[in-house]
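Analysis of the macromolecular model
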Amino acid sequence: METDQIPVLLPGTEFHPSPNCDPRPADAVIDLLVIHSISLPPGGYGGTGIDDLFLNRLDPDAHPFFATIHTLKVSSHLLIGRNGSIIQYVPFEMRAWHAGASNFCGRGCCNDFSIGIELEGCDEDPYTDAQYLALVRATHWLMQRYPGIRETRITSHSAIAPGRKTDPGPHFDWRRYRKLLHALNG
């Protein structure tokens, strides 16, 4: 991760710098927020799997699934744990490698202009109250910092990569999230 700028970090978060990022295009305007989910191993919570994946140190022998993904070079800007804790992996001004092949409103390469937030979770489980509260606080801060991120420019990984991704899944309560966001935004 190389940049001449002071890294833009969400206040109060742990920072675990991921090497899986690069500079955004010079003309990029950050105006999209993408919500994801991840659990490693699938359906498992806690542990160091996600951190290890984003930091390129996932042990392929630690779990059979890890052997299939340990060479991936992926990251996200933020990870919100089941208890609402937040870890930042990539400064916001840098391009995290979270969306892959993607398209939003006719614009491809969503990593160029988006911020990615991973929720520790999977399609089969509801998210926690603490995760919704942390996500709303982070979203509010990001909307203040990056005015191009408006409510209509907050989307799911499944919406920008249909047929390839399903996250954050059917248990993510968009109505609840938006209601909490409205209450905070006033």
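A brief report on the enclosed structure follows. (Residues numbered from 1 in each chain as written. Predicted model: local features only at pLDDT ≥ 70, side-chain atom pairs only at ≥ 80, totals over all residues. Heavy atoms only, no water.)

In this structure, Ile149 and Tyr177 are the most contacted members of the largest nonpolar core, which totals 26 residues. Of all elements in the fold, only strand E3 (32–38), strand E4 (78–80), strand E9 (114–120), helix H3 (129–145) and helix H5 (174–185) reach the threshold of two or more residues within this core. The element contributing the most residues to this core is H3, with seven residues. Leave out the neighbours within four places in its chain, and tyrosine 177 touches Leu33, Ile35, Tyr132, Leu135, Val136, Thr139, Ile154 and Phe172. Membership of the second largest hydrophobic core comes to 16 residues, among which are Leu53, Tyr89, Met94 and Ala96. (Core = buried A, V, L, I, M, F, W, Y, C linked by side-chain atoms within 4.5 Å. Buried < 20%, exposed > 50% of the residue type's maximum accessible area, 1.4 Å probe, protein only. Helix = DSSP H or I, 4+ residues; strand = E, 2+ residues; numbered from the N terminus. Contact = heavy atoms within 4.5 Å.)

What follows deals with the packing of aromatic side chains. Each aromatic ring pair is summarised here by two numbers: the centre-to-centre distance and the angle between the ring planes. Under the criterion given, the structure shown has eight aromatic pairs. Ring centres of phenylalanine 92 and tryptophan 141 lie 5.8 Å apart, and the angle between their planes is 40°; on these two criteria the pair is classed as tilted. In this pair, phenylalanine 92 is assigned in the loop between strand E5 (86–88) and strand E6 (94–96) and tryptophan 141 in helix H3, connecting sequence segments 49 residues apart. On the basis of relative accessible area, phenylalanine 92 is assigned to the buried category, the value being 0%. Centre to centre, the rings of tryptophan 174 and tyrosine 177 are 5.9 Å apart; their planes meet at 75°, and the pair counts as edge-to-face. Here tryptophan 174 and its partner tyrosine 177 are both found in helix H5, three residues apart, which amounts to about one turn of the helix. Joined through ring pairs, the aromatic side chains of Tyr127, Tyr132, Phe172, Trp174 and Tyr177 make up one cluster. A cation over a ring is seen here: arginine 82 above tyrosine 45, with NZ or CZ 4.3 Å from the ring centre. The residue whose ring lies beneath arginine 107 is phenylalanine 113, and the NZ or CZ to ring-centre distance is 3.5 Å. (Phe/Tyr/Trp six-rings, centres within 6.5 Å; stacked < 30°, edge-to-face > 60°. Lys NZ or Arg CZ within 6 Å of the ring centre and 35° of its normal.)

Purely spatial values, then, with no claim about function.
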